[in-house]
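Inside the fold
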Amino acid sequence: MQQKVIKRRIAHLDMDAFYASVALLRYPELRGLPVVIAGCDKHKPVLQADGNRHFFRLREYAGRGVITTATYEARAAGVFSGMGIMKAAQLAPDTILLPVDFSAYRHYSRLFKTAVTSIAPQIENMGIDEIYIDLSDLPDDTITLAQQIKQTVHKSVRLSCSIGIAPNKLLAKICSDLKKPDGITILDAVDIPDRIWPLPVNKINGIGPKATQKLARLGITTIAELACAELSLLQTYFGRSYAIWLHEASRGIDHRPVITHTEPKSISRETTFDRDLHPHHDRAILSKSFTALCVQVGEDLKRKGYTGRTISIKLRFEDFHTITRDITLTTYVTDPVQIRHAAGKCLKRIPLSRKVRLLGVKVSTLSSIHTLQDAEVSSVQRELPLIM
């Protein structure tokens, strides 16, 4: 008797302008307006005496920084994530500026992911605002599942998402971006020539700006042109392994499974300052930020159920030179005071003669708190005397 072959159905769910959409839940009066997420707490809206809020505009911003995300109305004005705030201010000076709020983003991220698992439990977490979902074993038809997932997400967080469903993760990722916002795109292997090949090569996740430029110099700008390129040509310019991946990706080949659980290798926090800070004149500001990062990392460890032994710091100076230092402890820690003490030892190993642009703290060599507790119980049980 032949075993039935299950056709793979992999979905990629991407929340629509997630950070901005979460902010609009708090400030619904901004719906339909160009809004960007960037800046810091000093750009929080100010409640005025008349009960209305004063919102900061991009033209009021001075300093460094980049746009974290933008509403679709801001994108229509040419403002996108990753763009420098000052450049965005030149393009759209009246765009409203809101600060980042990672605690809110994490809260809504947990809510929407929990909602999805009530319908399709096989999910792979890809970040705060996107997941892969394996729908292969579910009985409902594809469009019904997609609609159910979108409705459940909207009910749980009052936000929209876009979903792409295809035979593998690579194609699903491309598809989720084709009908934004609030779209559903379903693609089969036979649709690749008509719907995938006309797209630019950078639509493939894994082809970044440098590879895109190098391919353009070879006359390859679309996925179709990449699919027609000789493997030997790609190997000459990209090396064997990446060339093989390019060759397969352009044909929609991707055998990666949806991984429902992975252990994190590290947990970190970092901050880029609005201005370069002098290690002596701005010591109080640096010290306060350093302590806050250690507290945040400690809270992240406890919330995720991990503890770690290796404490690292990262400093980026005004000339963009970046230095890291780390120390491995004899015991596992989650306490911010212990993290701060170890991170301080790392800091003493770095000459502080230049202004500081970025500061980061990381904890690695992680172990699950439950794993350590089980190990301690087993150790105690082995040491108990045998009583007859």
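Anything mentioned here points back to the structure above.
The notes below deal with the structure included here. Bear in mind the structure is a predicted one, so any value in this text is a computation, not a measurement.

**Some words on the sheet that holds strand β2 (residues 35-37)**
In space, the 4 strands of this open sheet follow the order β5-β7-β2-β6, with mixed pairing throughout. The sheet is open, and its two borders are formed by β5 (56-57) and β6 (69-70), each paired with just one other strand. Bridge analysis of β2 against β6 gives 2 bridges, and the strand direction is antiparallel. Note on β6: the bridge partner recorded for V36 is A70. Against the sheet, helix α1 (residues 18-26) makes contact with β2, β6 and β7 (96-98), and its axis sits at roughly 110 degrees relative to β2, the strand it touches most.

**What to know about the packing of helix α4 (residues 102-117) against helix α5 (residues 142-157)**
Contact geometry of α4 with α5 gives a least axis separation of 9 Å together with a crossing angle of 145 degrees. The interaxial crossing formed by α4 with α5 has right-handed handedness. Facing Y108, L111, F112, A115 and V116 of α4, the residues of α5 in contact are I149, T152, V153, S156 and V157. Split into classes, the residues belonging to the contact of α4 with α5 amount to 8 nonpolar, 2 polar and no charged.

**Examining the sheet that holds strand β8 (residues 123-125)**
One open sheet holds the 5 strands; their spatial order is β8-β9-β1-β10-β11, and the pairing between them is mixed. The open sheet terminates on both sides in strands that have one partner only, identified here as β8 and β11 (184-186). Here the strands of the sheet are splayed against their neighbours by 15 degrees on average, with no regard to which way each runs. As paired elements, strand β1 (residues 10-15) and strand β9 (residues 130-134) share 5 bridges and run antiparallel to each other. Note on β9: the bridge partner recorded for D14 is E130. Relative to the sheet, helix α6 (residues 169-176) contacts β1, β8, β9, β10 (161-166) and β11, its axis offset from that of β10 by approximately 145 degrees.

**Observations concerning the layout of surface pockets**
Considered as a void within the structure, the second largest pocket measures approximately 570 Å³ in volume. At the level of secondary structure, the elements contributing two or more residues to the lining of the second largest pocket comprise β1, β6, α2 (72-76) and α6. Considered class by class, the residues forming the lining of the second largest pocket number 7 nonpolar, 6 polar and 8 charged.

**Looking at the nonpolar core**
With 39 residues, the main nonpolar core has L13, M15, F18, L98, V116, I133 and V153 as its most contacted residues. Among the elements of the structure, β1, α1, β2, β7, α4, β9, α5 and β10 are those that each provide at least two residues to this core. The element contributing the most residues to this core is α1, with 7 residues. The contact partners of V153, leaving out residues within four places of it in the chain, are L13, M15, F112, V116, R158, L159 and C161.

**Considering the packing of aromatic side chains**
With the rule as written, the count across this model stands at 8 aromatic pairs. Look at Y27 and F55: their rings are 5.5 Å apart centre to centre, the planes differ by 80 degrees, and that puts the pair in the edge-to-face class. Of this pair, Y27 sits in the loop between α1 and β2 while F55 sits in the loop between β4 (53-54) and β5; the two residues are 28 residues apart in sequence, bridging distant segments of the chain. Across this residue pair, the class does not change: Y27 and F55 are buried. Taken together, F18, Y19, F102, Y105 and F112 form an aromatic cluster joined through their ring pairs. Between R75 and the ring centre of Y72, over which it is positioned, the NZ or CZ distance is 4.5 Å. A cation over an aromatic ring shows up here: R309 above the ring of Y332, its NZ or CZ 5.6 Å from the ring centre.

**Some remarks on the pattern of salt bridges**
Across all of its chains, the model carries 17 salt bridges by this definition. For D177, the salt bridge is made with K203, and the minimal N-O distance between the two is 3.1 Å. Of this pair, D177 sits in the loop between α6 and β11 while K203 sits in the loop between α7 (192-196) and α8 (209-217), placing them 26 residues apart in sequence. You can call K203 partly exposed: its relative accessible area is 32%. D282 is paired through a salt bridge with R275; the nearest N and O atoms lie 3.1 Å apart.

Definitions and cut-offs
- Residues numbered from 1 in each chain as written.
- Predicted model: local features only at pLDDT ≥ 70, side-chain atom pairs only at ≥ 80, totals over all residues.
- Heavy atoms only, no water.
- Pairing = 2+ DSSP bridges.
- Helix = DSSP H or I, 4+ residues; strand = E, 2+ residues; numbered from the N terminus.
- Contact = heavy atoms within 4.5 Å.
- Axes fitted to C-alpha atoms, helices over the stretch in contact; angles between N-to-C directions.
- Left-handed = near helix turned anticlockwise from the far one by under 90°.
- Nonpolar A, V, L, I, M, F, W, Y, C, P; charged D, E, K, R; others polar.
- 1 Å grid on protein atoms, 1.4 Å probe; cavity = no way out; pocket = protein on both sides within 12 Å on 5 of 7 lines; lining within 4 Å.
- Points joined across faces, edges and corners; volume = space filled by probe spheres on them.
- Core = buried A, V, L, I, M, F, W, Y, C linked by side-chain atoms within 4.5 Å.
- Buried < 20%, exposed > 50% of the residue type's maximum accessible area, 1.4 Å probe, protein only.
- Phe/Tyr/Trp six-rings, centres within 6.5 Å; stacked < 30°, edge-to-face > 60°.
- Lys NZ or Arg CZ within 6 Å of the ring centre and 35° of its normal.
- Salt bridge = Lys/Arg side-chain N within 4 Å of Asp/Glu carboxyl O.

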